[in-house]
Amino acid sequence: MTLASVITIDGPSGAGKGTVCARLAAELGWHLLDSGALYRLTGLAAHKQGLSLANESAVAAVAATLPVRFEPTSDGVRVILSGDDVTREIRTEEVGSMASQVAALPAVRAALLQRQRDFQQAPGLIADGRDMGTVVFPNADVKIFLTASAEERGQRRYKQLIEKGFSASLPALIEDIRTRDERDSNRAVAPLKPAQDAYEIDSTSMSIEEVCQTVLRLVQKAGLI
Ligand code: C5P
């Protein structure tokens with residue numbers, strides 16, 4: 001049986017991966033894997049069970065048996081954990097921090113590996129993450145590494161927070177982004193780095209539309225559409 005095609009989009013947070021992946025999945029009518037959501041759900045579920053996020057074997061057991069459902073809606077995906085709608089909760093900074101703690105544990109990454117690979121189904125998959133092209137789908141048909149400068153990513157995040165009515169400090173956001181980049185790129189297991197055969201796209205001075213068009217041209221060049 002031949003496996004369905006996969007396009008991987010990796011890169012640091014704030015580079016625009018989430019929006020680009022959602023648009024491409026809608027445009028192509030393909031499945032979408034938001035791998036960050038699985039790490040966020042693992043962190044949240046472990047926290048709700050009162051576990052220490054450093055307890056590797058216990059957190060890995062949570063990851064292996066996550067009672068989660070992804071329900072498509074008209075404007076995205078609803079995420080249900082143990083019967084509770086956690087769609088908004090998993091997007092908070094607090095849960096993001098839980099995600100990055102559990103993501104550093106090798107047993108947790110191993111527990112989530114097959115679960116992520118199970119998303120590879122016809123007619124095709126867009127996989128969004130940090131290690132999609134390097135670890136989870138090393139044989140992907142097209143691999144993209146999407147970046148943007150720390151200043152630009154800080155500006156985007158600042159705008160989002162202000163629009164939602166939160167107060168924020170731009171220099172502090174840029175500093176946070178630099179620290180997180182450093183941690184993600186230097187961790188021992190599945191560090192954030194482009195696959196050798198990835199196309200690198202710097203979105204610093206590109207619109208979402210321009211990034212999507214660039215990716216679609218590469219997908220076309222690879223003969224997938
Ligand atoms: O992409 P998102 O911000 O939802 O990811 C949350 C956290 O999960 C990241 O900061 C990263 O530490 C981790 N992650 C990962 N590998 C992935 C996706 C996310 O380590 N493939």
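Up top is the structure these notes are about.
For the structure given in this document, a descriptive report is provided here. (Residues numbered from 1 in each chain as written. Predicted model: local features only at pLDDT ≥ 70, side-chain atom pairs only at ≥ 80, totals over all residues. Heavy atoms only, no water.)

**A short note on unusual backbone geometry**
Backbone phi values are negative for most residues with the exception of glycine, while trans is the configuration of most peptide bonds.
Next, step 1: Ala-122 connects to Pro-123 through a cis peptide bond whose omega is 5°.
Next, step 2: Relative to the assigned elements, Pro-123 resides in the loop between helix H5 (106–117) and strand S6 (124–129).
Next, step 3: Positioned with a positive phi, Ser-82 is a non-glycine residue whose angle comes to about 50°. (Helix = DSSP H or I, 4+ residues; strand = E, 2+ residues; numbered from the N terminus.)

**Examining the pattern of salt bridges**
Next, step 1: In total, this model carries 15 salt bridges according to the counting rule given.
Next, step 2: Among the salt bridges present, the one from Arg-78 reaches Glu-71, with a minimum N-O distance of 3.3 Å.
Next, step 3: Judged by relative accessible area, Arg-78 falls into the partly exposed class, the value being 34%.
Next, step 4: Taking the relative accessible area as the measure of exposure, Glu-71 reaches 25% and is therefore partly exposed.
Next, step 5: Lys-143 is paired through a salt bridge with Asp-197; the nearest N and O atoms lie 3.1 Å apart. One end of the pair, Lys-143, is in strand S7 (residues 142–147); the other, Asp-197, is in the loop between helix H8 (170–186) and strand S8 (199–202), with 54 residues separating them in the sequence.
Next, step 6: For Lys-143, a relative accessible area of 5% gives the class buried.
Next, step 7: The class for Asp-197 is partly exposed, based on a relative accessible area of 49%.
Next, step 8: One network of salt bridges, with partners in common, ties together Arg-69, Glu-71, Arg-78 and Asp-85. (Salt bridge = Lys/Arg side-chain N within 4 Å of Asp/Glu carboxyl O. Buried < 20%, exposed > 50% of the residue type's maximum accessible area, 1.4 Å probe, protein only.)

**Remarks on the sheet that holds S7**
Next, step 1: Taken together, 5 strands build an open sheet; the order of strands is S2-S6-S1-S7-S8 and the sheet is parallel. The open sheet terminates on both sides in strands that have one partner only, identified here as strand S2 (31–34) and S8. Across the sheet, the axes of successive neighbouring strands diverge by a mean angle of 20°, strand direction being ignored.
Next, step 2: By the bridge criterion, 4 bridges tie S2 to S6 in an arrangement that is parallel. (Pairing = 2+ DSSP bridges. Axes fitted to C-alpha atoms, helices over the stretch in contact; angles between N-to-C directions.)

**A closer look at the sheet that holds strand S4 (residues 76–81)**
Next, step 1: Strand order in the open sheet made by the 3 strands is S3-S4-S5, with antiparallel pairing throughout. Looking at the sheet topology across the chains shown, the edges are occupied by strand S3 (68–73) and strand S5 (84–85).
Next, step 2: Sheet topology places S4 next to S5; 2 bridges connect them, and they run antiparallel. Note that in S5 the partner of Ile-80 across the bridge is Asp-85.

**Structural notes on the side chain of Arg-153**
Next, step 1: Note on placement: Arg-153 falls in helix H7 (residues 150–163).
Next, step 2: Taking relative accessible area as the criterion, Arg-153 reaches 4% and is therefore assigned buried.
Next, step 3: Those residues within four positions of Arg-153 in sequence are excluded, and the remaining contacts are Pro-12, Ser-13, Gly-14, Ala-15, Ala-148, Ile-177 and Asp-181. (Contact = heavy atoms within 4.5 Å.)

**Observations regarding the packing of aromatic side chains**
Next, step 1: One pass over the structure, following the stated rule, counts 1 aromatic pair.
Next, step 2: Taking 6.3 Å as the distance between ring centres and 70° as the angle between the ring planes, the aromatic pair formed by Phe-70 and Phe-119 counts as edge-to-face. Of this pair, Phe-70 sits in strand S3 while Phe-119 sits in the loop between H5 and S6, and the two are 49 residues apart along the sequence. (Phe/Tyr/Trp six-rings, centres within 6.5 Å; stacked < 30°, edge-to-face > 60°.)

**A word on H7**
Next, step 1: In this model H7 runs 20 Å from its N-terminal to its C-terminal C-alpha over 14 residues, within 8% of the 20 Å that 1.5 Å per residue would give.
Next, step 2: Three or more residues of H7 are buried, namely Ala-150, Arg-153, Gly-154 and Leu-161. Down the axis of H7, the buried set is contained in an arc of 100°. They therefore lie on one face. Facing away from the buried side of H7 by over 90 degrees, the exposed positions are Lys-159 and Glu-163.
Next, step 3: The inward-facing, buried residues of H7 abut H8.
Next, step 4: Taken from the residues just after H7, Gly-165 is the one with a positive phi, measuring 85°. (Expected span 1.5 Å × (residues − 1). Arc of directions from axis to C-beta.)

**Overview of the packing of helix H1 (residues 17–28) against helix H9 (residues 208–221)**
Next, step 1: Two elements in contact, H1 and H9, have axes separated by 10 Å at closest approach and are oriented at 55°. Considering the angle they form, H1 stands oblique to H9. Along this stretch, H1 crosses H9, giving a crossing that reads as right-handed. Residue-level contacts link Thr-19, Val-20, Arg-23, Leu-24, Glu-27 and Leu-28 of H1 to Ile-208, Glu-209, Val-211, Cys-212, Val-215 and Leu-216 of H9.
Next, step 2: Its residues placed into classes, the contact of H1 with H9 shows 8 nonpolar, 1 polar and 3 charged. (Parallel < 35°, antiparallel > 145°, perpendicular 65-115°, else oblique. Left-handed = near helix turned anticlockwise from the far one by under 90°. Nonpolar A, V, L, I, M, F, W, Y, C, P; charged D, E, K, R; others polar.)

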